[in-house]
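For reference, the chains in residue letters:
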Amino acid sequence: MERLTSAQVNYEDLLESLQDGLVVVDRDLRVTFLNPAGEELLGVSAATAHGKPLASLLGTTSPLIALVDRAMETGRAHAEHEASVQNPQGKVSVSAMASLLSDHSGEARGGVLLLRDLTRIRELEEQVRRAERLTAVGTLVAGIAHEVRNPLMGVRGAAQLLMAESTFPPALKEYCDVVIREVDRLNGLVEGMLAFAQPSPPRVVECNANQILEEILALEEAVLRRRGVTVGRIYDPQVPPVAADPDQIRQVFLNLIRNGAEAMEGGGELTLETAYERRSPRCFGLSVAVVKVIDQGAGLSPEARQHLFDPFFTTKPKGTGLGLAICHRIVGDHRGHIEIGDAEGKGCTVTVLLPLAKQ
Ligand SMILES: Nc1ncnc2c1ncn2[C@@H]1O[C@H](COP(=O)(O)OP(=O)(O)OP(=O)(O)O)[C@@H](O)[C@H]1O
Ligand SMILES: [Mg+2]
């Protein structure tokens, strides 16, 4: 193999651009060189570190000092797969490799410590673990949900039959109503878990966002009005059709409308707004329909802000915490985008972007 001359390889550039931290020490374990990646890892500049004992950079009890010592004593490289270094930002987990530094005559000059930041690798590992956990939970949930659904319907049917009996004492109707109500609630939970655990791929057709909102309101508006919630519509009549599964998108808007209404316990105005946006930077540069659901509730709590889309996160006594997790998944399956922010004045604005059928 052809050997590169030193003119072809600038060793200083090489050390500067190395992603791993490199610390060189003399025979007394004093720092003689620190590359930029090393400066960042240890949170100290090369100028400050120069001439300082390695222990003052790593801490006197760091096992990495013994690692360098051993490498210098034995002349062989020694590795530590899992260690940590401390810098002003906190603890960073690293893998380390120490070796003897000798000059061209073979005389020992000191030691070299190579440090590799494991943070990114740990993050990727955590992502994989989370995905695996979700898949496992999803399979389990789907299994349980299927098992639970049929007996639930049996219980509901039996309670209804009981009430229909001619000898059924009317004074006990209240208890049967509780059974039916609670079964319906459990059934809602099971449906939600199934929708989350086993999402079906969207059956995409051209549909109109205004029309989907109106279909929902046809069923919901009376219930909302009874709770003191009025609906304001600011529709753009020209909004072009979106490429979407109407059943799934209906579920998204329904969840958002219910959340908005639930946020306004004493009533208030819920505004539904539609528009469209050409080549939205928030949505892979696609042209989108923009649907906003704006309420006048108390807004998001700091905790809700962090966990909004986490499955089972809820602040409501009877909530499942699956509403927004399902919305997030469905909108994502449509290559859309969902975000929740503060509304002007008070309350929340939820914005959903859905790609238009014709780009
Ligand atoms: N419009 C909103 N205003 C204030 N907080 C909201 C709003 N929408 C959602 N949240 C917060 O986010 C949480 C999660 O919402 P999500 O829809 O996922 O579940 P949920 O509404 O609690 O339960 P479910 O949807 O099953 O009834 C809510 O409990 C609430 O704290
Ligand atoms: Mg909800």
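Residues numbered from 1 in each chain as written. Chains lettered and ligands numbered in written order. Predicted model: local features only at pLDDT ≥ 70, side-chain atom pairs only at ≥ 80, totals over all residues. Heavy atoms only, no water.

A.B. asks: Explanation requested: the sheet that holds strand β12 (residues 348–355) in the structure shown.
C.D. replies: In a beta sheet, neighbouring strands pair by backbone hydrogen bonds and run either parallel or antiparallel. If you walk across this open sheet you meet the five strands as β7-β9-β10-β12-β11, and the pairing is mixed. Both outer strands of the open sheet, β7 (229–234) and β11 (337–342), are each paired with one neighbouring strand and no more. Between one strand and the next, the sheet's axes are offset by a mean angle of 15°, whatever the strand orientation. Packing of helix α8 (residues 209–226) onto the sheet brings it into contact with β7, β9 (268–277) and β10 (288–294), and relative to β7 it is tilted by some 165°. Each of β11 and β12 touches helix α11 (residues 323–333); the most contacted strand, β11, lies at about 135° to it. (Pairing = 2+ DSSP bridges. Helix = DSSP H or I, 4+ residues; strand = E, 2+ residues; numbered from the N terminus. Axes fitted to C-alpha atoms, helices over the stretch in contact; angles between N-to-C directions. Contact = heavy atoms within 4.5 Å.)

A.B. asks: Help me understand the sheet that holds strand β5 (residues 108–117), please; the structure alone is not making it clear to me.
C.D. replies: Within the open sheet, the five strands sit side by side as β2-β1-β5-β4-β3. Their pairing is antiparallel. Only two strands of the sheet have a single neighbouring strand rather than two, namely β2 (31–34) and β3 (78–87). For this sheet, the mean inter-axis angle between neighbouring strands, taken without regard to orientation, is 30°.

A.B. asks: For this particular structure, what's the right way to read the site of ligand 1?
C.D. replies: The full set close to ligand 1 counts 17 residues, and T314, T315, K316, T320 and L324 are the nearest of them. Within the contact set of ligand 1, an oxygen atom lies 2.5 Å away from a side-chain nitrogen or oxygen of T315. Between ligand 1 and T320, the relevant distance is 2.4 Å, taken from an oxygen atom to a side-chain nitrogen or oxygen of the residue. Isolated, ligand 1 exposes 590 Å² of accessible area, and the fraction of that covered by the protein chains is 88%. Looking at the shell around ligand 1, the elements that each hand over two or more residues are α9 (246–263) and α11. A per-element tally of the shell around ligand 1 places α9 first, with three residues. For the shell around ligand 1, a count of residues per class yields six nonpolar, eight polar and three charged. (Near = heavy atom within 4 Å. Polar contact = N/O pair within 3.5 Å; in protein donor to acceptor, adjacent residues only side chain to side chain. Areas by Shrake-Rupley, 256 points an atom, 1.4 Å probe, with all protein chains shown as cover. Nonpolar A, V, L, I, M, F, W, Y, C, P; charged D, E, K, R; others polar.)

A.B. asks: What is the right way to read the pairing of strand β1 (residues 21–26) from this model?
C.D. replies: One face of the sheet, then the other: side chains in a regular strand alternate in exactly this way. In terms of residue burial, β1 counts as a mostly covered element, since five of its six residues are buried. As defined by bridge partners, β1 adjoins β5 across six bridges and the pair is classed as antiparallel. Bridging from a neighbouring strand, G21 pairs with L115 of β5. Of the strand pairs in this sheet, β1 and β2 are connected by three bridges, and their pairing is antiparallel. Across the sheet, V23 pairs through a bridge with L34, a residue of β2. (Buried < 20%, exposed > 50% of the residue type's maximum accessible area, 1.4 Å probe, protein only.)

A.B. asks: Can you walk me through the pattern of salt bridges in this structure?
C.D. replies: Oppositely charged side chains are able to pair whenever their charged atoms sit close together. Going through the model one piece at a time under the given rule, you end up with 20 salt bridges. Between D342 and R305 there is a salt bridge, with the nearest N and O atoms lying 3.3 Å from each other. Of this pair, D342 sits in strand β11 while R305 is found in helix α10 (residues 302–307), placing the two residues 37 residues apart along the sequence. The class for D342 is exposed, based on a relative accessible area of 51%. Residue R305 is classed as partly exposed on the basis of its relative accessible area of 43%. When salt bridges with common partners are traced through the structure, they connect E82, R122 and E125 into a single cluster. (Salt bridge = Lys/Arg side-chain N within 4 Å of Asp/Glu carboxyl O.)

A.B. asks: In this structure, what is going on with the environment of V94? I would like to understand it.
C.D. replies: Summarising the element assignment, V94 is placed in strand β4 (residues 90–102). Given the relative accessible area of 0%, V94 is considered buried. V94 has contacts with L41, H81, E82, A83, S84, V85, L115, R116, D117 and L118, leaving out every residue within four places of it along the chain.

A.B. asks: Mind showing me how you'd approach the domain arrangement of the protein chain here?
C.D. replies: For interface size, the figure often reported is the accessible area lost on association. You can read the domains of the protein chain as domain 1 (11–117), domain 2 (123–197) and domain 3 (205–355). Relative to domain 3, the C-alpha centre of domain 2 lies at a distance of 25 Å. Between domain 2 and domain 3, the residue contacts involve eight residues of the former and nine residues of the latter. Buried area between domain 2 and domain 3, both sides added, is near 750 Å², and the carbon and sulfur share of it is 74%. Contact with domain 3 buries area across many residues of domain 2, yet R185, L189 and F196 alone supply 60% of it, more than any other trio. K318 is paired through a salt bridge with E182; the nearest N and O atoms lie 3.5 Å apart. (Domains from an automatic or database assignment. Buried area = accessible area lost by both parts, 1.4 Å probe.)

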